[in-house]
Amino acid sequence: MSAAESMPAPAAPARTAPTAPGGPHVWRGIIEEYRDRMPVDADTPIVTLREGGTPLIHSEYLSELVGCQVHLKFDGANPTGSFKDRGMTMAISKAKEAGAQAVICASTGNTSAAAAAYAAKAGMTAGVIVPKGKIALGKLAQALVHDARVIQIDGNFDQALTICRQLAEQYPVELVNSVNPYRIDGQRTGAWEIVDQLGRAPDLHVMPVGNAGNITAYWRGYREYAADGLTGNLPVMRGYQAAGAAPIVLGHPVEKPQTIATAIRIGNPASWDQAAAAAEESGGSIRSVTDRQILAAFRLIARHGVFAEMASASSVAGLLALHEDGELEPDQVVVCVLTGHGLKDPEWAIAGAAEPVTIPADLHEAAAALDLA
Ligand code: AN7
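Summarised in this report is the structure supplied together with it. Nothing here was measured: the structure is a model prediction, and the numbers come from that model.

## Points about the overall build of the chain
Here comes step 1: Looking only at helices and strands, the chain has 16 helices and 10 strands in total.
Here comes step 2: Radius of gyration (C-alpha) of the chain: 22 Å, near the 21 Å computed for a compact globule of 373 residues.
Here comes step 3: Viewed in the frame of its principal axes, the chain has a C-alpha envelope of about 70 × 65 × 50 Å.
Here comes step 4: Scored against the burial criterion, the 373 residues of the chain give a buried share of 52%.
Here comes step 5: Restricting to contacts in the chain with at least 6 residues of sequence separation, those with at least 24 account for 71%.

## Observations concerning the side chain of Gln142
Here comes step 1: You can see Gln142 is positioned in helix α6 (residues 137–145).
Here comes step 2: With relative accessibility at 17%, the residue Gln142 sits in the buried group.
Here comes step 3: A distance of 2.9 Å separates a polar atom in the side chain of Gln142 from the backbone oxygen of Thr80.

## Things to note about the sheet that holds strand β7 (residues 204–208)
In any sheet, the strands associate via hydrogen bonds between backbone groups, in a parallel or an antiparallel arrangement.
Here comes step 1: Strand order in the open sheet formed by 6 strands is β1-β2-β10-β7-β8-β9, with mixed pairing between adjacent strands. In this open sheet, the two edge strands, each paired with only one partner strand, are β1 (56–58) and β9 (285–289). Strand-to-strand twist in this sheet, taken as the mean axis angle between neighbours without regard to direction, amounts to 25 degrees.
Here comes step 2: Looking at chain direction, β7 and strand β10 (residues 333–338) are connected through 3 bridges and run parallel. Its bridge partner lying in β10, Val206 is registered against Cys336.
Here comes step 3: With respect to the sheet, helix α9 (residues 189–198) is in contact with β1, β2 (69–74), β7 and β10, its orientation differing from that of β2 by roughly 135 degrees.
Here comes step 4: Here helix α13 (residues 291–303) sits on the sheet and contacts β2, β8 (236–242), β9 and β10; the angle it forms with β9, its principal contact strand, is near 90 degrees.

## Quick notes on the packing of helix α5 (residues 110–122) against α6
Two quantities define a packed helix pair, namely the angle between the helix axes and the distance between the axes.
Here comes step 1: Across the interface, α5 lies against α6 with an axial gap of 8 Å and an inter-helix angle of 20 degrees. Taken together, the axes of α5 and α6 lie roughly parallel to each other. Here α5 and α6 pass one another in a crossing that is left-handed. On α6, the residues that touch Asn110, Ser112, Ala113 and Ala116 of α5 are Lys139, Gln142 and Ala143.
Here comes step 2: Split by residue class, the contact of α5 with α6 holds 3 nonpolar, 3 polar and 1 charged.

## Considering the site of the ligand
Here comes step 1: The local shell around the ligand holds 23 residues, among which Asn110, Thr111, Asn211, Ala212 and Thr339 are the closest.
Here comes step 2: Between an oxygen atom of the ligand and a main-chain N or O atom of Thr108, the distance comes to 2.8 Å.
Here comes step 3: Contact with the protein chains removes 99% of the 470 Å² of surface that the ligand exposes when unbound.
Here comes step 4: Counting residues per element, the ones that place at least two in the shell around the ligand are α5 and α10 (213–227).

Thresholds, definitions, all that
- Residues numbered from 1 in each chain as written.
- Predicted model: local features only at pLDDT ≥ 70, side-chain atom pairs only at ≥ 80, totals over all residues.
- Heavy atoms only, no water.
- Helix = DSSP H or I, 4+ residues; strand = E, 2+ residues; numbered from the N terminus.
- Rg over C-alpha atoms; globule rule 2.2 N^0.38 Å.
- Buried < 20%, exposed > 50% of the residue type's maximum accessible area, 1.4 Å probe, protein only.
- Contact = heavy atoms within 4.5 Å.
- Polar contact = N/O pair within 3.5 Å; in protein donor to acceptor, adjacent residues only side chain to side chain.
- Pairing = 2+ DSSP bridges.
- Axes fitted to C-alpha atoms, helices over the stretch in contact; angles between N-to-C directions.
- Parallel < 35°, antiparallel > 145°, perpendicular 65-115°, else oblique.
- Left-handed = near helix turned anticlockwise from the far one by under 90°.
- Nonpolar A, V, L, I, M, F, W, Y, C, P; charged D, E, K, R; others polar.
- Near = heavy atom within 4 Å.
- Areas by Shrake-Rupley, 256 points an atom, 1.4 Å probe, with all protein chains shown as cover.

The quantities given are spatial measurements derived from coordinates; they are silent on function.
Here is the structure:
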């Protein structure tokens, strides 16, 4: 009898594959993982790229430097390379449930990348409006590769958002910026993951602030877990804007925001009041860091193995500023959120690095170039 004859006949393929197959070690995406806390029911079509479940990375270097236990929540490890996927899986699933065929958003880059990807997965059309010349190349590439309709304006994010709000009011398109409450619902999962990963909430939570949706979502997430007894403590929330785009710090909108951290180049955040409330209720603050501080933090974490984008580095810049100002208590548990991946904008990485060495294809030359010989 040949081996082939002893093999059982292949099972007939299942008529419909489950939407989220996998055993106990397979991450199913934030909606399935936290289904009982999400505004979905059995009929909601779940549009997912298996976002979330991102690493919480303990930083020995930063811990030693500031005298605390510092963890980096690396949301650059999401499918489109930023935390926006957490909100977008919810917003696009609910848009699909409502029968929408098209979605629209304004963006400094990451929201448009996520909207384009999730709309493509759902078989919907995405329109994205971005400030011309002010979004990272990788983010533009993402919107284009997923066939979004990309509109560039001679203007900034705030103006783009105004146009998108009006489009959604006057035309049959669903707005998927974070003024869409489902976006915030999805982004709460970042806080839940941190508590699930640490076994408690951190003492101090540090993050970038742009349009201010994410800090709103994190604070809600922590409070909900605390209300349900899943954490006994709540963190102090500290948000960091870029100094040239710091409306909440200044107390008034900034008409012409400027910063190298283009993701948070926002002068009139939509969730301003909620962000201010999160800071106040938690005993924290919204402050600013300069582009120089952001760039230094970007390089520092990269030198220790984590490549996050410029805007994300504002959280670490903020932590370092707290340390320098003597505002950290020893041995606190700290989480800095790294919201997006450094690969979004490789130009920044290359700009600050030494030129690669070019040699003939030769062992001895290689050994010499590496200072081995
Ligand atoms: C990497 O993509 O606003 O305070 O249009 O991409 O919730 O706005 C991006 C924001 C932080 C700020 N880090 O979060 C957009 C957009 C990264 C970001 C923020 C953004 P919010």
